[in-house]
Amino acid sequence: MKDFDGKVALVTGTTGIGFATARRLAAGGAAIIACGIDRSANAAMEAELEGSGAKALVIGADVSVPDQVRDAVAAGVAKFGGIDIIVNSAAVHPYGTAVSTDFETWNRAMSVNVGSIYLTAHFGIPEMVRRGGGAIVNVASVQGFACQQNVAAYATTKGAIHTLTRALALDHARSGIRVNSVSPGSIRTPILEKAARGENGTDADVESAYKRFGEAHPIGRIGEPEEVAELIAFLCSSKAGFCTGADYKIDGGLTAGIGVK
Ligand SMILES: NC(=O)c1ccc[n+]([C@@H]2O[C@H](COP(=O)([O-])OP(=O)(O)OC[C@H]3O[C@@H](n4cnc5c(N)ncnc54)[C@H](O)[C@@H]3O)[C@@H](O)[C@H]2O)c1
């Protein structure tokens, strides 16, 4: 018996940490409902999961749009019978200060990074209640604790995810639903690759940027999406039965110190 046999997991974001998590949960026996806006990434995920024999429904959806999340939940429930796990990994990462960020970009970050978590909870929690409980993991960031410069909207969304995680955990604990977040440091994914290429896409030496980012972490390297997926899988599993309302850092010690050499 595998750790997620018989479980159904809704995952947002079909690249990076979302993809690694879908792969890990599927390897544990879960059926996967994945939602992503990137059609070619969706196709790659679907091909890999189906090729590995997993049960998967990969849906092209903008997870900041209520009807699209409602329909994705409904399609997943129609295909697999319910939802037991939600992993919210989809996000955008705009650069800018409050002055240089226009209001449209600000609102987009709020609605993709935070609104999507509200939407998957709004439509998904009633399905989890019908199954007798479940687990939600939201992917936040170390930037929710201590932020870099020039990412005002992104960092704000990550702090909001910590708060929304606590609110969901308290409101639904007695329904058997556990809600936690993870806060990664730098992880080798498309979002970090964009950061490595620089705000204007000019710095093309991605590997040396990754080395530089890694050196900022006491452990001396950046993290891998599979390492984050493993933590998320633990939090989704029955082994984490007493964990709720908490954030779990996975940052190579980044936020443990100040000015560490
Ligand atoms: N990689 C890192 O260094 C790092 C560090 C801390 C936190 N995070 C967080 O991890 C999560 C996953 O990011 P990642 O690192 O895997 O990068 P990623 O770019 O691979 O993943 C983000 C995914 O969200 C999807 N997405 C964006 N807008 C969407 C929308 N409107 N609807 C549906 N899907 C949408 C993208 O297509 C992409 O697949 C994000 O929440 C990110 O903020 C990443």
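Above this text is the structure in question.
Residues numbered from 1 in each chain as written. Predicted model: local features only at pLDDT ≥ 70, side-chain atom pairs only at ≥ 80, totals over all residues. Heavy atoms only, no water.

**A word on the sheet that holds strand 3 (residues 56-60)**
On the basis of which strands lie adjacent, the open sheet formed by seven strands has the order 3-2-1-4-5-6-7 and parallel pairing. Of all the strands in the sheet, the pair left with one neighbour each is strand 3 and strand 7 (247-250). Strand-to-strand twist of the sheet, defined as the mean angle between neighbouring strand axes without regard to direction, takes the value 15°. Looking at chain direction, strand 2 (residues 31-36) and strand 3 are connected through five bridges and run parallel. Looking across to strand 3, one finds that Ala-34 is bridged to Val-58. On the sheet, helix 3 (residues 66-80) packs against strand 1 (8-12), strand 2 and strand 3 and is oriented at approximately 160° with respect to strand 3. Relative to the sheet, helix 4 (residues 103-130) contacts strand 1, strand 4 (85-88), strand 5 (134-139) and strand 6 (177-184), its axis offset from that of strand 4 by approximately 175°. (Pairing = 2+ DSSP bridges. Helix = DSSP H or I, 4+ residues; strand = E, 2+ residues; numbered from the N terminus. Axes fitted to C-alpha atoms, helices over the stretch in contact; angles between N-to-C directions. Contact = heavy atoms within 4.5 Å.)

**Thoughts on the side chain of Ser-183**
Among the structural elements, Ser-183 can be located in strand 6. Classification of Ser-183 as buried rests on a relative accessible area of 0%. Residues in contact with Ser-183, not counting those within four places in the same chain, are Ala-140, Ser-141, Val-142, Phe-145, His-162, Asp-247, Tyr-248, Lys-249, Ile-250 and Asp-251. (Buried < 20%, exposed > 50% of the residue type's maximum accessible area, 1.4 Å probe, protein only.)

**Digging into the site of the ligand**
Surveying the vicinity of the ligand reveals 30 residues, the closest of which are Thr-15, Ile-17, Tyr-154, Ile-187 and Thr-189. The backbone of Thr-14 places a nitrogen or oxygen atom 3.4 Å from an oxygen atom of the ligand. Gly-16 is positioned such that a nitrogen or oxygen atom in its backbone is 3.4 Å from an oxygen atom of the ligand. A total of 810 Å² of accessible area belongs to the ligand in isolation, and the protein chains cover 94% of it. When residues of the shell around the ligand are traced back to their parent elements, those giving at least two are helix 1 (16-27), helix 4, helix 5 (152-172) and helix 6 (190-197). Counting residues per element, the shell around the ligand draws most heavily on helix 6, which supplies three residues. Of the residues belonging to the shell around the ligand, the class tally is 16 nonpolar, 10 polar and four charged. (Near = heavy atom within 4 Å. Polar contact = N/O pair within 3.5 Å; in protein donor to acceptor, adjacent residues only side chain to side chain. Areas by Shrake-Rupley, 256 points an atom, 1.4 Å probe, with all protein chains shown as cover. Nonpolar A, V, L, I, M, F, W, Y, C, P; charged D, E, K, R; others polar.)

**Considering helix 5**
For helix 5, which comprises 21 residues, the first-to-last C-alpha distance of 30 Å matches the rise-based estimate of 30 Å (1.5 Å per residue) to within 8%. Regarding helix 5, the residues found buried are Ala-153, Tyr-154, Ala-155, Thr-157, Lys-158, Ile-161, His-162, Leu-164, Thr-165, Leu-168 and Ala-169. (Expected span 1.5 Å × (residues − 1).)

**Focus: the environment of Cys-236**
Mapped onto the fold, Cys-236 is located in helix 8 (residues 225-236). Sequence separation of Cys-236 and Phe-4 is 232 residues, and the distance between their C-alpha atoms is 8.9 Å. Beyond its immediate stretch of four places on either side in the chain, Cys-236 contacts Phe-4, Ile-85, Val-87, Ala-135, Val-137 and Arg-178.

**Things to note about helix 2 (residues 39-51)**
Along its 13 residues, helix 2 runs 18 Å from first to last C-alpha, staying within 8% of the 18 Å computed at 1.5 Å per residue. The set of residues buried in helix 2 consists of Ala-41, Asn-42, Met-45 and Leu-49. Down the axis, helix 2 shows its buried residues gathered within 100° of arc, on one side only. Of the residues in helix 2, the exposed ones pointing more than 90 degrees away from the buried face are Arg-39, Ser-40, Ala-47 and Gly-51. (Arc of directions from axis to C-beta.)

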